[in-house]
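So you can see what is in the structure, the chains are spelled out below.
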Amino acid sequence: VKLTNGILKIQQTAQPTIYILQGHGEPSIEEGQNSISQAVTALKEKGYMVNPITLATSPLIPPDGDVLIISNPEKELLEGEIKIVEKYLNDGGNLLIMYNAQTNVNLDNLLKEWGVKLDERLVVDASGTGEVFGLGPSITIIVQYGQHPITQEFGNGITLFPWARAIITETMENIITTPLLITNSQSWAENNPEGEKVQLDTKVD
């Protein structure tokens, strides 16, 4: 892996820069509880520059930022912060958003411009596949991927997504939508995951 990462660094003409939003209870990029430090280390080993950013103290996202990551904040973003993100996108920036199911997302208006809506319900996998791994239905197991450079190396590999939520898209002019992760036919978005028995209710699920 280190040899491959070394080759990737040599091939890069410029070092890509990632900014990870902080200041709203997001997982820390440093080691410790509630941390994404392993992901940060993996990105750095592949030649990425990774920096935290707090929009409350930064008037803009630096133009060298190739990607902004918003990872499961506990608090909603302020209106002024959302405008900073919106300007960054309109100027050609890239955004990766990761929100667990049943957490507040106040980016609806921004996402709507791109034909995207985050469903609040929890995706459950009732196929029983998770039992093989000792996992419950709240862990979504993915083996089907969309045709996109992000997933082209996944092949038939298995990926696991705990506490996932569905993504709803609508057709928008000049916007190309590509699903990346596709659940099996025995999955659905559950409206009441805390109930005594989780089962499909077509009226609300």
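Residues numbered from 1 in each chain as written. Predicted model: local features only at pLDDT ≥ 70, side-chain atom pairs only at ≥ 80, totals over all residues. Heavy atoms only, no water.

Here we take up the sheet that holds strand β11 (residues 187-190). Two pairing modes exist for strands in a sheet, parallel and antiparallel, and in both the strands are linked by backbone hydrogen bonds. Read across the sheet, three strands follow the order β9-β5-β11 without closing on themselves; strand pairing throughout is antiparallel. Strands at the two margins of the open sheet, each flanked by one partner only, are β9 (165-169) and β11. This sheet shows a mean twist of 50° between the axes of neighbouring strands, independent of strand direction. Inspection of the sheet shows strand β5 (residues 116-125) paired to β11 by four bridges, in the antiparallel sense. Counterpart to Leu122 in the pairing with β11 is Glu190. (Pairing = 2+ DSSP bridges. Helix = DSSP H or I, 4+ residues; strand = E, 2+ residues; numbered from the N terminus. Axes fitted to C-alpha atoms, helices over the stretch in contact; angles between N-to-C directions.)

Below, the discussion takes up the environment of Arg121. Of note, Arg121 is situated in strand β5. Take Arg121: its relative accessible area is 24%, and that puts it in the partly exposed class. Taking the C-alpha atoms as reference, Arg121 lies 28 Å from Ile84; in sequence the two are 37 residues apart. If we ignore the near neighbours within four places in the chain, the residues touching Arg121 are Ala101, Ala164, Arg165, Ala166, Ala189, Glu190, Asn191, Val204 and Asp205. Polar contacts involving the side chain of Arg121 include one to the side chain of Asp119, which spans 2.6 Å. (Buried < 20%, exposed > 50% of the residue type's maximum accessible area, 1.4 Å probe, protein only. Contact = heavy atoms within 4.5 Å. Polar contact = N/O pair within 3.5 Å; in protein donor to acceptor, adjacent residues only side chain to side chain.)

For the rest of this paragraph, the subject is the side chain of Thr151. The residue Thr151 is located in the loop between β7 (144-145) and β8 (159-162) in this model. The class of Thr151 is buried, set by a relative accessible area of 4%. Every residue in contact with Thr151, bar those within four places of it in the chain, is listed here: Tyr145, Gly146 and Leu180.

Next up on the list: unusual backbone geometry. Even without glycine at this site, Asn34 takes up a positive phi of about 50°. Here Asn34 is to be found in the loop between β1 (17-21) and α2 (37-45). Non-glycine residue Asn72 carries a positive phi angle of around 50°. Here Asn72 shows up in the loop between β3 (67-71) and α3 (79-90).

The biggest cluster of nonpolar side chains holds 19 residues, and the ones touching the most others in it are Ile61, Leu68, Leu77, Val85 and Leu107. Mapped onto this core, the elements with two or more residues apiece are β1, β3, α3 and α4 (108-112). Here this core gets five residues from one element, more than from any other, and that element is α3. For Leu68, the residues in contact, after removing those within four places along its chain, are Tyr19, Leu21, Ile53, Ile61, Val85, Tyr88, Asn94, Leu95 and Leu96. (Core = buried A, V, L, I, M, F, W, Y, C linked by side-chain atoms within 4.5 Å.)

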